[in-house]
Amino acid sequence: MRDIRIALIGTGVIAHQHMEHYKDMKGVYIVAACDLNEKKLNVFCDKWDIPHRYTDYRELLKRDDILAVDVCLHNNLHAPISIAVMAAGKHCYCEKPMAGSYTDAAAMQEAACQYGVKLHIQLAMIYGGQAIAAKKLVDSGHLGNIYHARSYGYRRRGRPFVDGYAEKEFVLSHWAGHGALYDMGVYHISQLLYLLGMPEVKSVSGAVYRELDMDAKRRAESGYDVEELGTGFVKFANGLTMDILESWAVHGGEFPQSSIHGSKGGLQFSMKNGTPSLVYYQEIEGYPAETTLDISAEQYRRLQLNPALAVYEHSQAHWIGVLRGDCEPIDTPHIALQTMLVSEGIFLSDKLGREVTAGEIPALSVSNAIRRQEAPFGELTYPPHPFYL
């Protein structure tokens, strides 16, 4: 088994989640980490026994013993830092969303091609037993002609920082770009796009809201200026449609989870006793029927019979499998970029007060990236790329 040596840039909440996966992988070594906040950096490295520590990412990228870098920063830092990682000849794993805007995400995809390295985006919900089962049912034709999908995500009161958890940068557009649609909606939208075979987007409409009260002190401290509720409607070139409803905070009961609807059957994502579940709806001799798939039992059996399937269990496992050459990569940059197209389409539609076409979205997209002197890690000085011009 080939050893894989990785470095992390950013040591916040999500970096700890990544480490929970890495620590259980044989032959995977996290050898260095970087954070501007030296105190936070040392706490993180002490906890996870990481030997090499940097407060300047450029010094970390000079190391020649690192195969890949995991970027765990706020959204508007994804593009500039990831591009610098790739320009240094390192493979790059980046947190979701891909970037703070469509144009920044497109620059990342172009950089991976330019520098001849691998780029992977963390899209957790395209992995695991639930997604695997749904993909099999869709691809095998059990749903017939699929004509509509629903991308839903619910929190009744779960805005970062102002509702009591996480850092204030999550709710400030300067760092995050946007709110609920970028933080949580990306998971549900990307999952459906992947399961539906990446249909071509034709047009997007939508609206975003910031209406509910919050603690006045935390509002002032954070500068909260992102959406807490996002809604959207997507038309695809093949006639398929998708509606979107993503909430950080809403006065209302729990939404149903995402679903897919076809002429012969439908799928409803759900939870059963705290475990991801999948319900298949169909008709038997004209009688409406539904079947709950035992996801966990079947996934356990498959992994016991074929341990190589573990590379599809979660995002980090797939990334390491790709780096080792154990599997072909799922094209997460393409999935993530199309997710950005849909998300930015909603924001543009809200701003313009009308539906926007897929062609308009890249043309109207503006970079949100924090770069040059604004960047907390210092000016970006890696080889020229159109992104820096």
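Just so it is clear, the model here is predicted, and its values are computed rather than measured.

(A) The arrangement of the sheet that holds strand β15 (residues 356-357) in detail. Pairing is mixed in the open sheet, where nine strands are placed in the order β14-β13-β12-β11-β7-β10-β9-β8-β15. A single partner strand is all that each edge strand has here, and the edge strands are β14 (287-293) and β15. Sitting on the sheet, helix α12 (residues 332-352) touches β8 (201-209), β9 (229-236), β10 (241-247) and β15, and the angle it makes with β8 is about 60 degrees.

(B) Region of interest: the packing of helix α6 (residues 128-139) against helix α8 (residues 180-195). For the pair α6 and α8, interaxial distance at closest approach is 10 Å and the crossing angle is 35 degrees. Contacts from Gln130, Ala131, Ala134, Lys135 and Val138 in α6 reach Gln191, Tyr194 and Leu195 in α8. Of the residues in the contact of α6 with α8, the class split is five nonpolar, two polar and one charged.

(C) Looking closely at the pairing of β8. Of the strand pairs in this sheet, β8 and β9 are connected by eight bridges, and their pairing is antiparallel. Residue pairing across strands places Val201 opposite Phe236, the latter belonging to β9. Note: β8 against β15, two bridges, orientation antiparallel. Within β15, the residue paired with Ser203 across the bridge is Thr357.

(D) Looking closely at the confidence of the model for the protein chain. Per-residue pLDDT for the protein chain averages 93, and the proportion of residues at 70 or more is 95%. Under a pLDDT of 50 for its full length, residues 372-389 has, in the predicted model, 61 contacts with residues more than four places off or in other chains.

(E) View of unusual backbone geometry. A cis geometry characterises the amide bond from Lys96 onward to Pro97, with omega recorded as -15 degrees. Along the chain, the position of Pro97 falls in the loop between β5 (91-94) and α5 (102-115). In this structure, Asn273 takes a positive phi of about 55 degrees despite not being glycine. Checked against the element boundaries, Asn273 lands in the loop between β12 (266-272) and β13 (275-284). Of note in the backbone geometry, Glu285 takes a positive phi value of approximately 50 degrees without being a glycine. Taking the relative accessible area as the measure of exposure, Glu285 reaches 74% and is therefore exposed.

(F) Region of the structure containing the packing of aromatic side chains. Throughout the structure, instances matching the rule amount to four aromatic pairs. Aromatic pair Tyr182 and Phe347: ring centres 5.6 Å apart, planes at 85 degrees, arrangement edge-to-face. Taken together, the residues span a long stretch of sequence, with Tyr182 in helix α8 and Phe347 in helix α12 at a distance of 165 residues. Accessibility classification places Tyr182 together with Phe347 in one group, the buried group.

(G) Molecular detail of the pattern of salt bridges. All told, the structure shown has 19 salt bridges when counted by the stated rule. A salt bridge links Arg53 to Asp46; the nearest nitrogen and oxygen atoms lie 2.7 Å apart. Through salt bridges with shared partners, a single network forms among Arg5, Arg63 and Asp65.

(H) Summary view of the packing of α8 against α12. Relative orientation of the contacting elements α8 and α12 amounts to 125 degrees, with a least axis distance of 9 Å. Taken together, the axis directions place α8 and α12 in an arrangement best described as oblique. With respect to the hand of their crossing, α8 and α12 are arranged in right-handed fashion. Residues Leu181, Tyr182, Val186, Ile189, Ser190, Leu193 and Tyr194 of α8 form the contact with α12, whose participating residues are Ile335, Gln338, Thr339, Met340, Val342, Ser343, Glu344, Ile346 and Phe347.

(I) Spotlight on the sheet that holds strand β4 (residues 68-71). Read across the open sheet, the six strands follow the order β3-β2-β1-β4-β5-β6; overall the sheet is parallel. Pairing within the sheet leaves two strands with one partner each, and these edge strands are β3 (52-54) and β6 (119-121). On average, adjacent strands in this sheet sit at an angle of 25 degrees to one another, irrespective of strand direction. Examined bridge by bridge, strand β1 (residues 4-9) and strand β2 (residues 28-34) share six bridges and lie parallel to one another. Following the sheet pairing, Ala7 is matched in β2 by Ala32.

Rules behind the numbers
Residues numbered from 1 in each chain as written. Predicted model: local features only at pLDDT ≥ 70, side-chain atom pairs only at ≥ 80, totals over all residues. Heavy atoms only, no water. Pairing = 2+ DSSP bridges. Helix = DSSP H or I, 4+ residues; strand = E, 2+ residues; numbered from the N terminus. Contact = heavy atoms within 4.5 Å. Axes fitted to C-alpha atoms, helices over the stretch in contact; angles between N-to-C directions. Nonpolar A, V, L, I, M, F, W, Y, C, P; charged D, E, K, R; others polar. pLDDT = per-residue confidence, 0-100. Buried < 20%, exposed > 50% of the residue type's maximum accessible area, 1.4 Å probe, protein only. Phe/Tyr/Trp six-rings, centres within 6.5 Å; stacked < 30°, edge-to-face > 60°. Salt bridge = Lys/Arg side-chain N within 4 Å of Asp/Glu carboxyl O. Parallel < 35°, antiparallel > 145°, perpendicular 65-115°, else oblique. Left-handed = near helix turned anticlockwise from the far one by under 90°.

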